[in-house]
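Examining the three-dimensional arrangement
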Amino acid sequence: MHPILHVCVVGFHHKHGAQIDYCYPPLKGNGEDGVPEQWAGLPTLALPDGAHHVEEDVIFFLLPSLDDPNRSVFGISCYRQIASEDLISKATDVTRSSVQKSVVVLSTVPLFGVLRAKLELITQAYFNERDFTKVEVLSQMYSNLCDMFNYEQLDLASAYMDISVTELLKTFKHRTLLLFKLLMLEKKVVFSIFPARRLCEMMIGLCSLFPNLVEDGLFEAASYTAKPTVTPAPSEVSESQSLKGSAEVAEEALEKKEAGPSEASILGRLSDLVGGTKPRRQSELVCEAHEGLIAPAGINTDSYGFPLHLFTKGSLFHPYLDMIRADSTRAYCVGATNALFKQRRDQIDVLVTLDDAGEGQIDIINADLKRQLTLTTADLRFGDFLLKMLESRMDPASFDGGDDWIRMQFQAYLLSLLASVRGDMGNTLADFGEAFVDAWRTKHNFRIWSCADHPDIASAVPGHPFAGQLTINDAFLRVGHSIGGTEHGRKIASTITSTGKYVTDTGSKVKSSISSWFRAKNGNAEEENERRT
């Protein structure tokens with residue numbers, strides 16, 4: 001068995017917009033061009049917004065599975081455009097000066113990194129034909145990919161192969177850790193970055209900082225459909241009523257902290273759990289309610305509890321999206337190149353952008369969330385350590401300071417955080433940010449993790465990896481982070497730098513002038529002495 005579903009060509013029609021021109025194997029849906037209703041957004045996802053502004057681009061995206069609406073299908077699109085006059089065979093509907101098309105691969109597992117280079121080569125070969133009716137190269141690519149990838153020999157770590165996290169760290173610096181912690185709080189986050197290639201690589205790179213998240217944790221990130229309500233049988237009602245106190249406590253714990261299943265669903269599940277036996281402990285009821293109603297069955301976790309369930313039960317992840325179709329979504333982290341997303345500030349919690357200089361900007365709209373995400377002194381030391389290692393890395397082949405090394409540091413940070421929270425070590429949690437930890441404890445992903453047994457977490461060392469006494473360097477780190485975290489602060493820093501450079505240049509000129517004056521004066525004095533002698 002292989003994970004490759006389809007190879008498609010998506011083109012832009014001057015009257016109909018984005019449309020599927022070719023697909024192998026053919027689609028068998030009821031929509032236009034055979035597109036299934038669940039994949040109606042496929043054409044617009046495959047062509048980037050503002051496609052005419054770029055010659056080439058790459059897009060990563062997710063679709064709901066046709067077999068299970070809560071299961072993800074993973075897509076990668078390679079976009080190119082060519083001048084119409086360069087085509088050997090031109091269709092009658094080509095009326096513009098250029099033709100834009102994307103070659104798309106859909107698969108049941110994430111293969112973003114490993115597929116990108118191969119797809120770019122095939123797309124270039126397809127365009128080099130200058131005749132888009134020659135699709136043999138695409139059907140051949142489908143066969144080759146099926147032979148290359150199979151479930152038995154699949155290395156899912158290839159999902160983020162060649163996707164750099166060093167670029168992410170250079171762009172957001174210390175605030176990379178802020179983005180890391182932001183995902184754990186399950187908020188409504190929009191990355192608005194152009195072009196799509198950079199946007200998608202940064203978002204997949206950010207996810208790859210979480211152990212196993214890209215490989216195993218995105219299978220329910222495309223969409224969410226609530227599970228059918230479970231209603232207790234009439235014969236069980238009297239038994240469940242006798243345990244009403246315990247059930248109501250568990251229900252309140254679930255309903256207060258997240259918008260979950262209906263009241264009848266929770267009570268029905270709890271009735272099934274307690275049955276006719278003696279009342280169970282409140283913590284058992286809450287955990288088992290999560291396992292039965294909330295914990296995704298399609299996500300496998302390791303002995304540490306990784307991946308965290310960041311994108312399940314209605315918390316969605318889309319590295320590229322043309323529009324947010326459901327404002328009622330519980331949480332999401334989506335990427336967009338359309339500037340209209342920036343105007344929806346009333347519907348989002350955080351907007352992530354790049355300024356004109358390419359520096360990362362994180363606009364936290366909610367005041368409480370801003371307080372929760374304030375980096376501690378230990379956090380700033382952690383970020384400073386990463387940046388110094390990155391800057392000192394001279395050999396590109398060196399492990400220290402490279403992509404895998406950076407991922408390992410974030411894994412160590414996360415393990416220390418989990419060990420501290422599991423041990424309820426209040427004296428160490430302050431180094432991670434008490435407001436952050438308190439907020440995280442109310443989130444779906446934490447409660448799923450805390451309700452299960454993870455034997456290897458005992459081997460993790462609790463406490464922040466960079467905890468310690470305050471030093472003068474910490475003060476400089478805090479000031480630098482505060483100034484660099486806002487546009488106004490960066491303007492001040494730029495002005496100071498420019499002023500310092502001006503003062504330095506002026507001082508050098510003055511020094512040079514004084515030196516020249518002294519040399520001239522000494523020279524005149526020597527000539528006068530020679531004349532006297």
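Residues numbered from 1 in each chain as written. Predicted model: local features only at pLDDT ≥ 70, side-chain atom pairs only at ≥ 80, totals over all residues. Heavy atoms only, no water.

The protein chain is annotated in an unreviewed UniProt entry as UDENN domain-containing protein from Steinernema glaseri.

Turning our eyes to something else, we now look at the confidence of the model for the protein chain. Per-residue confidence for the protein chain gives a mean pLDDT of 80, with 74% of residues at or over 70. Ranking the elements of the protein chain by mean pLDDT puts helix H10 (residues 263-274) last, at 36, and helix H5 (residues 175-184) first, at 98. In this model, residues 236-286 is a region of pLDDT below 50 whose contacts with residues beyond four sequence positions or in other chains number 72 contacts. Contacts of residues 288-296 to residues separated by more than four positions or lying in other chains number 31 contacts, the stretch itself having pLDDT below 50. (pLDDT = per-residue confidence, 0-100. Helix = DSSP H or I, 4+ residues; strand = E, 2+ residues; numbered from the N terminus. Contact = heavy atoms within 4.5 Å.)

The next thing to look at is the pattern of salt bridges. Following the criterion strictly, the structure yields 12 salt bridges and no others. Asp 379 is the salt-bridge partner of Lys 181, the closest N and O atoms lying 2.8 Å from each other. Here Lys 181, found in helix H5, pairs with Asp 379, found in helix H13 (residues 377-391); they are 198 residues apart in sequence, far enough to count as distant. Residue class for Lys 181 comes out buried when judged on its relative accessible area of 1%. Asp 363 is the partner of Arg 345 in a salt bridge, and the nearest nitrogen-oxygen pair spans 2.5 Å. Residue Arg 345 is located in the loop between strand S8 (331-336) and strand S9 (350-354), and its partner Asp 363 is located in strand S10 (residues 360-364); the two are separated by 18 residues in the primary sequence. (Salt bridge = Lys/Arg side-chain N within 4 Å of Asp/Glu carboxyl O. Buried < 20%, exposed > 50% of the residue type's maximum accessible area, 1.4 Å probe, protein only.)

Another aspect to go through is the sheet that holds strand S4 (residues 72-83). Reading across the sheet, the five strands line up as S2-S1-S5-S4-S3 and stay open at both edges, with antiparallel pairing between neighbours. Only two strands of the sheet have a single partner each, and these edge strands are strand S2 (17-24) and strand S3 (56-64). For this sheet, the mean inter-axis angle between neighbouring strands, taken without regard to orientation, is 25 degrees. Pairing between S3 and S4: nine bridges, direction antiparallel. Directly across from Ile 59, in S4, lies its bridge partner Ser 77. On the sheet, helix H2 (residues 112-128) packs against strand S1 (4-13), S3, S4 and strand S5 (98-107) and is oriented at approximately 30 degrees with respect to S4. (Pairing = 2+ DSSP bridges. Axes fitted to C-alpha atoms, helices over the stretch in contact; angles between N-to-C directions.)

On to the packing of H13 against helix H14 (residues 403-422). To describe two helices that pack against each other, one gives the angle between their axes and the distance between the axes. Interaxial distance between H13 and H14 falls to 11 Å at its minimum, and their mutual angle equals 165 degrees. Here H13 lies roughly antiparallel to H14, going by the angle between them. With respect to the hand of their crossing, H13 and H14 are arranged in right-handed fashion. Judged by residue contacts, Asp 379, Phe 382, Phe 385, Leu 386 and Met 389 of H13 engage Trp 405, Gln 409, Phe 410 and Tyr 413 from H14. (Parallel < 35°, antiparallel > 145°, perpendicular 65-115°, else oblique. Left-handed = near helix turned anticlockwise from the far one by under 90°.)

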